[in-house]
Amino acid sequence: MLVIGAQGRCGQGARDALAAAGLGATCWDLAETRELDKAALLDHDVLINTVLVHEPVPPFVTHVDLDSPRRLSLICDVSCDVTSDCNTLPIYQRVTSWPEPVVRLRGGAQPLDLIAIDNLPSLLPEEASIAFSAQLTPLLARLDDPADPVWQRAAGEFQLAQQNRTADV
């Protein structure tokens, strides 16, 4: 198994889930994807993509790769950037869903399945809560500072929402 974006929140969650299941993983992050070793990527059974990309990068897997000899049989795309210019897996056109979580991308002698549920990180509520709390706690400590830019912006957004609500009535 290969986790790309392994040092991020979702990557850590994927690693923790695999560890809880008694499974090990190869963990790649920025350093390993800058000079992507496609052969090594395709030699894994499972790819879990958890990267957060802000600018287009070369794709991790392409249609040409899928038509090449490979061991890869399952891709779990947690990032789900399917409509973005920053999509690192331009091999599918739509996300999957909880009622239909898996779609087959390739059949035959080398089948390949895809899981691309766009709210998959919600399966890790504890990790999400811890991460959100870690980001929010320092801000809460500054709540009583009227000059704090974060709280000034929040107050402005709240006032705007209140004005819009009043205008709609």
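Going by the structure above, here's the rest.
Residues numbered from 1 in each chain as written. Predicted model: local features only at pLDDT ≥ 70, side-chain atom pairs only at ≥ 80, totals over all residues. Heavy atoms only, no water.

Colleague: Please set out the overall build of the protein chain residue by residue, giving values where relevant.
Modeller: Of the regular secondary structure elements, the protein chain holds 6 helices and 6 strands. Helices and strands in the protein chain line up, N terminus first, as β-α-β-α-α-β-α-β-β-β-α-α. If you line up the protein chain on its principal axes, its C-alpha atoms span 60 × 35 × 30 Å. Counting the 169 residues in the protein chain, one finds 31% classified as buried. (Helix = DSSP H or I, 4+ residues; strand = E, 2+ residues; numbered from the N terminus. Buried < 20%, exposed > 50% of the residue type's maximum accessible area, 1.4 Å probe, protein only.)

Colleague: If you had to explain helix α1 (residues 9-20) to someone new, which residues and values would you point to?
Modeller: Spanning 12 residues, α1 covers 16 Å between terminal C-alpha atoms, matching the ideal 16 Å at 1.5 Å per step. Taken residue by residue, α1 has G11, G13, A14 and L18 as its buried positions. Taken around the axis of α1, the buried residues stretch over an arc of 160 degrees, which confines them to a single face. Exposed residues pointing more than 90 degrees away from the buried face of α1 are listed as R9, A19 and A20. The inward-facing, buried residues of α1 contact β1 (2-4) and β3 (46-49). At the C-terminal side of α1, G22 shows a positive phi close to 80 degrees. (Expected span 1.5 Å × (residues − 1). Arc of directions from axis to C-beta. Contact = heavy atoms within 4.5 Å.)

Colleague: I'd love a proper account of the sheet that holds strand β5 (residues 102-106), names of residues and values included.
Modeller: Spatially, 6 strands are ordered β2-β1-β3-β4-β6-β5 in an open sheet, and the strand pairing comes out mixed. Looking at which strands have only one partner, the edges of the open sheet turn out to be β2 (26-28) and β5. Going from strand to strand, the sheet's axes swing by 20 degrees on average, the running direction of each strand aside. Pairing of strand β4 (residues 74-77) with strand β6 (residues 112-115), which is carried by 3 bridges, proceeds in the parallel orientation. The residue bridging L74 from the neighbouring strand is D113, located in β6. Strands in contact with α1 are β1, β2 and β3; relative to β1, the strand with the most contacts, it is inclined by about 160 degrees. (Pairing = 2+ DSSP bridges. Axes fitted to C-alpha atoms, helices over the stretch in contact; angles between N-to-C directions.)

Colleague: Report on the pairing of β6, specifying residues and quantitative values.
Modeller: Every second residue of β6 is oriented toward a common face, with L112 and L114 on one face and D113 and I115 on the other, all of them buried. Inspection of the sheet shows β5 paired to β6 by 4 bridges, in the antiparallel sense. Among the inter-strand pairings, V103 is bridged to a residue of β6, identified as L114. Counted along the chain from β5 to the antiparallel partner β6, the turn is 5 residues long, and its residue G108 has a positive phi close to 75 degrees.

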